[in-house]
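Chain and residue survey
Here is what each chain is made of, one letter per residue.
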Amino acid sequence: MSHPIVAATAFGAVASFGAVGVQTKLRSRPEKSDGRSLLAIRDAMSDRVLARHRVVRRQVELADQLAPAMQLVVGNLRIGRNVLASLAEVSESVGDPLGSLLREVVAEAKLGAQVGDVLLAVAEREHNRHLAIIASALVLHGRHGGSLVEILETVIETIEEEDKLRRDLRAVTADGRLSAAVLLAMPPVVLLFVSALNPGYAAPLVTTPLGLAMSGCAVILGGVGWRWLHVLSNPEISL
């Protein structure tokens with residue numbers, strides 16, 4: 001068994017003790033104000049996780065839409081339309097979230113703002129590097145001129161290569177991500193099943209000083225293990 005798998009198994013096992021210990025402690029206590037506080041903390045953490053998931057999903061959708069949409073923009077530029085008209089045409093033919101962002105850019109540009117500056121502000125708000133590159137290309141073209149079609153084609157080629165590399169990496173690391181999920185989920189599931197068959201089995205984890213110390217270490221080490229496996233299975237792409 002490889003060292004990463006052994007370490008991941010250890011992290012998952014320790015984290016499971018912490019999860020079971022916290023759940024047993026909550027069940028063994030009467031409903032008091034501190035219980036309500038813990039529930040509030042749990043709800044806040046759940047909301048944060050869901051919000052993060054929505055942000056990640058939005059970024060993935062933007063990445064998938066951007067290159068095809070820019071190809072349409074280049075096609076409109078080739079037939080003689082200006083940048084604003086091209087963006088307006090494309091914004092009506094692509095779905096959200098990119099469609100709504102482009103419509104926002106077009107609306108502000110019609111009020112007198114520069115298209116590149118507006119798009120750059122949107123890219124910074126969305127934390128999207130590809131949008132920022134396209135916006136920078138538009139700003140540079142507005143200041144220094146040149147062939148916007150050739151500039152955008154080069155940018156689009158780079159974006160497409162990066163998207164292809166990202167998809168290939170996700171396919172290559174799919175086994176690692178699945179292994180990480182199984183390794184981290186299996187210990188708490190097994191211990192919950194054992195605790196259901198034998199109530200009070202994990203009670204020492206929350207009723208003794210040593211058990212409380214182990215529970216705290218379990219939560220910390222489980223978080224470190226999850227973060228480590230997440231980084232290994234999701235390498236950054238830099239071209």
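Coordinates for the structure precede this section.
The structure contained in this document is the topic of the report that follows. Note that the structure is predicted; figures quoted are calculated from it, not measured.

Counting through the fold element by element, Asp96 comes out in the loop between α3 (83-91) and α4 (98-110). As for Asp96 and Arg58, which are separated by 38 residues in sequence, their C-alpha atoms are 9.3 Å apart. Apart from residues lying up to four places away in sequence, Asp96 is in contact with Gln65 and Arg103. A distance of 3.0 Å separates a polar atom in the side chain of Asp96 from the backbone nitrogen of Ser100.

The next thing to look at is helix α5 (residues 115-126). Under the 1.5 Å per step criterion, the end-to-end length of α5 is 16 Å for 12 residues, consistent within 8% with the ideal 16 Å. Taken as a whole, α5 has its buried residues at Val115, Gly116, Val118, Leu119, Val122, Ala123 and Glu126. Each buried residue of α5 lies within a common arc of 160° when the element is viewed along its axis, so the set occupies one face. Count one or two residues on from α5 and you reach His127, which has phi positive near 55°.

What follows is about the packing of helix α7 (residues 148-172) against helix α8 (residues 174-197). Axis separation between α7 and α8 bottoms out at 4 Å; the angle between their running directions is 50°. The angle between the axes of α7 and α8 places the two elements in the oblique class. Seen from α7, the contacting residues are Arg170, Ala171 and Val172; seen from α8, they are Ala174, Asp175 and Arg177.

Each value, and the rule that gives it
Residues numbered from 1 in each chain as written. Predicted model: local features only at pLDDT ≥ 70, side-chain atom pairs only at ≥ 80, totals over all residues. Heavy atoms only, no water. Helix = DSSP H or I, 4+ residues; strand = E, 2+ residues; numbered from the N terminus. Contact = heavy atoms within 4.5 Å. Polar contact = N/O pair within 3.5 Å; in protein donor to acceptor, adjacent residues only side chain to side chain. Expected span 1.5 Å × (residues − 1). Buried < 20%, exposed > 50% of the residue type's maximum accessible area, 1.4 Å probe, protein only. Arc of directions from axis to C-beta. Axes fitted to C-alpha atoms, helices over the stretch in contact; angles between N-to-C directions. Parallel < 35°, antiparallel > 145°, perpendicular 65-115°, else oblique.

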